[in-house]
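Residue-level structure breakdown
The primary structure of each chain is shown beneath.
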Number of protein chains: 2
Amino acid sequence: MAAANRPGGAADKRRMILDAAVRVFARRGFNGCRVSDIADEAGVAYGLVYHYFRSKDEVLDTLFLERWNVLLDVIRELDGRDIAPRDKLYAISSFIVDSYRHDPELMKVIIVEVTRAANSFGRTHLDKIREAYDLIAAIVERAQDEGAFKDAVTPRFAAMAFYGAIEQVLTGWIFDERAPGEQEYEQAKVFVVETICGGLDRVPATA
Amino acid sequence: MAAANRPGGAADKRRMILDAAVRVFARRGFNGCRVSDIADEAGVAYGLVYHYFRSKDEVLDTLFLERWNVLLDVIRELDGRDIAPRDKLYAISSFIVDSYRHDPELMKVIIVEVTRAANSFGRTHLDKIREAYDLIAAIVERAQDEGAFKDAVTPRFAAMAFYGAIEQVLTGWIFDERAPGEQEYEQAKVFVVETICGGLDRVPATA
DNA sequence: CGCCAGATTGACCCATCAGTCAATCGCGGA
DNA sequence: TCCGCGATTGACTGATGGGTCAATCTGGCG
């Protein structure tokens, strides 16, 4: 494993395969590409993919878990901070939008190939995905207890609406040909929170 | 084509294939099933699928378009009515939730498989999907002009948040093993509108 | 220098499956 | 009764692609 620390060493090749997989999955879809496409894109022999990963599935698995765990950590860290609930939601929204800005292809793969894959893949990662909902729901619940949020809807539901809104925005970007501008990213962060927290109604409902 | 009107006639077989495809796609996923699975499920010979459809893709295509066009018609019809914007959104929310209640497997296929397919062969569907956004956005825009809705966010964005929230709720049901109860369906319809229109904040933002 | 372990290679195996097609069926009209 | 044509059948084909594996390379270590 000494090789792992040098450029061109083992860990690098593994990383190269993962990065190549992101590009290939994003371009052709998980089912639409061959393992050899990944190997070619990575500039590596076919068999090496199977040296580092048990299967094609495990490559996607790894990509998802790597990123999703970061998201969970961020939410957990935020949850601990002493800031307004609305700011917490803004921070989560920011993190996800910035994740897309930083690596749209990876987010595309996660959203299209994993999050929406009810069969095969989603099943494995359901708990991980639910964990994110639960953490967001917990933030909402505390906000309701503190009186910052109304309790017209359940925390779990609010969490879904919040996450759903974000994911839909990303999905819009994913299927757009043109890349979003910088100000669109910033606008999206604000709009998500503004919609979910502020609501569309001019006159607030009697709650 | 006279046979089309009798039970067991031509149109019936076509319908049986489509219905069978829904069940099979829902169970194994579009990529995870074989065309022979569809034929078997429909109680029909393999080749007949290709008598009625050019390809496996076209079967999925047809299922999506059939349902999505109904949705578009409903939204258009609603748009013309003289009711409060919030009620229009509630009606849309109701229609989609009821669609799921009525045929969860079909909605599962549309949400899960079509989105993924949009990558490869479903480019056509993107326009159809966008059409729904546009119609919802138009409702929001008019509401803003009339003063019923704030204009803190763009209509297009509000439409995405709204649709995203609904889709996420359905996705939650799809992933859940247990089927939702009747009251959950009704609650969901209300909660979507309550969240998007009413917002989570107790104190309305200064808009 | 020779050895070992892990890295790397890519040809090959073989199960899978979308799509084809020639043959048969059966209804409705003449 | 017979004919024609669309409906229906299912064996077959051809390609595809995930996964295996035996051979080769490399570089550190004694």
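Scroll up to find the structure this text is about.
Being a predicted model, the structure only gives us computed values, none of them experimental. (Residues numbered from 1 in each chain as written. Chains lettered and ligands numbered in written order. Predicted model: local features only at pLDDT ≥ 70, side-chain atom pairs only at ≥ 80, totals over all residues. Heavy atoms only, no water.)

1. Quick notes on the relation of the copies chain B and chain A
Let me state the cut-off plainly: The atoms used to superpose the copies are C-alpha atoms, taken from residues with pLDDT of at least 70 in both, and the fit is least squares.
Here chain B sits on chain A after a turn of 180° about the axis and a move of 0.0 Å along it, with an RMSD of 0.5 Å. Taken together, these values place the two copies in the relation of a two-fold axis. Among all residues of chain B, the minimum C-alpha distance to the rotation axis is found for Gly199(B), at 1.8 Å.

2. Overview of the packing of aromatic side chains
Residues and elements named next belong to chain A. Selection rule: Planes of paired rings set the category: under 30 degrees apart is stacked, over 60 is edge-to-face and the rest tilted, where pairs are Phe, Tyr or Trp rings (Trp by its six-membered ring) whose centres lie within 6.5 Å. For each residue, the accessible area found with a 1.4 Å probe, counting protein chains only, is set against the maximum for its type, and the residue is called buried under 20%, exposed over 50%, and partly exposed in between. Numbered from the N terminus, helices here are DSSP runs of H or I no shorter than four residues, and strands are runs of E no shorter than two. Here, a charge over a ring means that NZ of Lys or CZ of Arg falls within 6 Å of the ring centre while also lying within 35 degrees of the ring normal.
Under the defined criterion, the tally for this structure stands at 18 aromatic pairs over all chains. The interplanar angle of 65° and the centroid separation of 5.1 Å between the aromatic rings of Phe 25 and Phe 30 together place this pair among those described as edge-to-face. The same class applies to Phe 25 as to Phe 30, namely buried. Relative to Trp 68, the ring of Phe 64 has its centre 5.3 Å away and its plane inclined at 25°; by these criteria the two rings are stacked. Highlighted residues: Phe 64 and Trp 68, both in helix α4 (residues 56-80), separated by 4 residues, approximately one helical turn. Taken as a pair, Phe 64 and Trp 68 share a single burial class, namely buried. In this structure an aromatic cluster arises from ring pairing among Phe 64, Trp 68, Tyr 133 and Tyr 163. A cation over an aromatic ring shows up here: Lys 56 above the ring of Phe 30, its NZ or CZ 4.6 Å from the ring centre.

3. Observations concerning the packing of helix α5 (residues 85-102) of chain A against helix α8 (residues 155-175) of chain A
Residue and element names in this part refer to chain A. Note the cut-off: For helices, the fitted axis covers only the stretch in contact; all axes are lines through C-alpha atoms, and the angles between them, taken along N-to-C directions, range from 0 to 180 degrees. Just so you know how the angles are binned, under 35 degrees is roughly parallel, over 145 roughly antiparallel, 65 to 115 roughly perpendicular, and the rest oblique. Handedness of a crossing is defined here by the sense of rotation of the near helix relative to the far one, left-handed for an anticlockwise turn of less than a right angle and right-handed for a clockwise turn. Contacts are residue-level and defined by heavy atoms, with any inter-residue pair within 4.5 Å sufficient.
Two elements in contact, α5 and α8, have axes whose closest approach is 11 Å; the angle formed by their N-to-C orientations is 20°. The angle between α5 and α8 places the two elements in the roughly parallel class. In terms of crossing hand, the pair formed by α5 and α8 is right-handed. Of the residues in α8, those in contact with Leu 89, Ile 92, Ser 93, Ile 96, Val 97 and Tyr 100 of α5 are Phe 162, Tyr 163, Ile 166, Leu 170, Trp 173 and Ile 174.

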